[in-house]
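Structure at a glance
Okay, here's what each chain looks like letter by letter:
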Amino acid sequence: MSAMVDLRSDTVTQPTPAMRAAMAAAPLGDDVFAGDPSVNALQDKIAALLGFEAALFVPTGTQSNLCAILSHCQRGDEYIVGQQQHCYRWEGGGAAVFGSVQPQPLNHATDGTLPLADIEAAIKPDDAHFARTRLLALENTLGGKLLPQAYLEEATALARRQGLSRHLDGARLFNAAVAQAAQTGGDARAEAHRIAQCFDSVSVCFSKGLGAPVGSALCGSREFIARAHRVRKMAGGGMRQAGLLAAAASHALDHHIDRLADDHALARRLADGLAGLPGVQVEAPQTNIVFVDLDGPARDRSAGLLPHLAAQGIQATGLYRLRFVTHLDVDAAGVDRAVAVMRDYFAG
Ligand SMILES: *Cc1c(COP(=O)(O)O)cnc(C)c1O
């Protein structure tokens, strides 16, 4: 059988030979003493790229969001967030557990946005009954969806008028930027900057579509990043010769942003390939994530699908709602094989 086609997540990528070479060549120091030149260079690079004064390299996106929320909020404060957002749903309740910061989750509209009227209605008055509403947290892309730039501008302007800070979980910010650049005819880096500048802080993952093995960065003002640095230390995220990892992230920023368009094209290829199967509803992907909902007879056969795919060397996740994610280590032949196996399964 030919190589595995792993469509579970864009986190599964292996560092490329060029990325490994960049890691091997990286000058290193002890970052807890701020003495790792490769970490410092990465932090300067991502801060400049997104238009912030400073950045902090952290091991994970989860820790990055935690550092952000605990730096924007105090005990007894709350943050407004979407039900499906990672920093509410998928991070073990860390902001509440470690920071005594209460989430105020809102339902998403079908395009992934949080309706402005709902945000406004969720902001608590200054009254002893209530937690203090301090922060609006958004995510882009959200489940692979690109939030419209006009929406980001309106929602963050509303938050600013109401005295809230604004945080973006941009784990897949560059997927958003590449998709937005395809719409505007602009440049992906410029679009990333435009999205980021709606916010007071932005978290970016290097270990998703950008293809680095480990790491995220949190960007913000110098003063904000100094607070986040303390939280990172408390969370056990002060790493030593972390330049080895920062060099991989830096290589990804230099070489792996524009190629995200290839992942987006492969996601469309996968979606198009599955279209028209009875009981198989495919959402047109905007970036690198394809969701497939199973109905009727297809739903009845769903339990056997993932084992059948795995037996053919294809990995995905989900049951009635399947998720396929394209990335650096998947090619058109792999996508076509996944499509053929699924067409065969549902036809048979
Ligand atoms: C993956 C992800 C994170 C967390 O990143 P980890 O490095 O896995 O902790 C945060 N937010 C979003 C939107 C993500 O997709």
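Residue positions within a chain follow its written sequence, with the count starting from 1. The predicted nature of this model means local features are confined to residues of pLDDT at least 70 and side-chain atom pairs, given and counted, to a pLDDT of 80 or more, with totals for whole chains, interfaces and linings taken over all residues. Side-chain numbers come from the whole structure's heavy atoms, not from hydrogens or water.

With that settled, the discussion passes to the site of the ligand. Note on definitions. A residue lies near a molecule or strand when any single heavy atom of the residue is within 4 Å of it. As a structural note, the neighbourhood of the ligand is formed by Thr60, Gly61, Thr62, Asn65, His86, Glu91, Glu139, Asp169, Ala171, Arg172, Cys205 and Lys208. Polar contacts, as counted here, are pairs of nitrogen or oxygen atoms within 3.5 Å of one another; within protein the pair requires one atom able to donate a hydrogen and one able to accept it, and residues that are adjacent in sequence qualify only if both atoms are side-chain atoms. Thr62 places a polar side-chain atom, nitrogen or oxygen, 2.6 Å from an oxygen atom of the ligand. In the environment of the ligand, an oxygen atom lies 2.6 Å from a nitrogen or oxygen atom belonging to the side chain of Lys208. Helix and strand assignments follow DSSP, with helices taken as H or I runs no shorter than four residues and strands as E runs no shorter than two, numbered in order from the N terminus. Element by element, the count of residues in the shell around the ligand is highest for helix 3 (residues 61-72), at three residues.

At least two bridges found by DSSP between two strands is the condition for calling them paired. With antiparallel pairing, four strands are arranged side by side in an open sheet as 9-10-13-12. The open sheet has two free edges, formed respectively by strand 9 (280-282) and strand 12 (317-318), since each of these has just one partner strand. Where strand 10 (residues 289-294) meets strand 13 (residues 321-325), five bridges bridge the pair, whose relative direction is antiparallel. Of the residues in strand 13, the one forming a bridge with Ile289 is Val325. We call two residues in contact whenever any of their non-hydrogen atoms come within 4.5 Å of each other. Every angle, taken between N-to-C directions, lies between 0 and 180 degrees, and every axis is a line fitted to C-alpha atoms, over only the stretch in contact when it is a helix. Of the strands in this sheet, strand 9, strand 10 and strand 13 are in contact with helix 12 (residues 260-274), which crosses strand 10 at around 20 degrees.

A domain assignment, automatic or from a database, supplies the domain bounds used here. When the domains of the protein chain are assigned, the result is domain 1 (17-255) and domain 2 (259-347). Just the C-alpha atoms count here: the centres of domain 1 and domain 2 sit 29 Å apart. Each side of the interface is counted separately: domain 1 has 14 residues, and domain 2 has 11 residues. In total, about 1,100 Å² of surface goes out of reach between domain 1 and domain 2, with carbon and sulfur atoms giving 57% of it. The rule for a salt bridge is simple: a side-chain nitrogen of Lys or Arg has to be within 4 Å of a carboxyl oxygen of Asp or Glu. The interface formed by domain 1 and domain 2 includes zero salt bridges. If one sorts the elements of the side of domain 1 that touches domain 2 by residue count, helix 8 (residues 173-184) sits on top with four residues. Buried area is a sum: the accessible area each of two parts loses on coming together, probed at 1.4 Å, counted once for each and added.

Turning next to the sheet that holds strand 6 (residues 165-170). If you walk across this open sheet you meet the seven strands as 2-8-7-6-5-3-4, and the pairing is mixed. One side of each edge strand has no neighbouring strand; the edge strands of this open sheet are strand 2 (54-58) and strand 4 (102-106). On average, adjacent strands in this sheet sit at an angle of 20 degrees to one another, irrespective of strand direction. Where strand 3 (residues 77-82) lies against strand 4, five bridges are found, and the strand directions are parallel. Bridge pairing links Gly82 to Leu106 in strand 4. Helix-sheet contacts for helix 7 (residues 149-161) involve strand 5 (132-139) and strand 6, and the interaxial angle to strand 5 is about 170 degrees.

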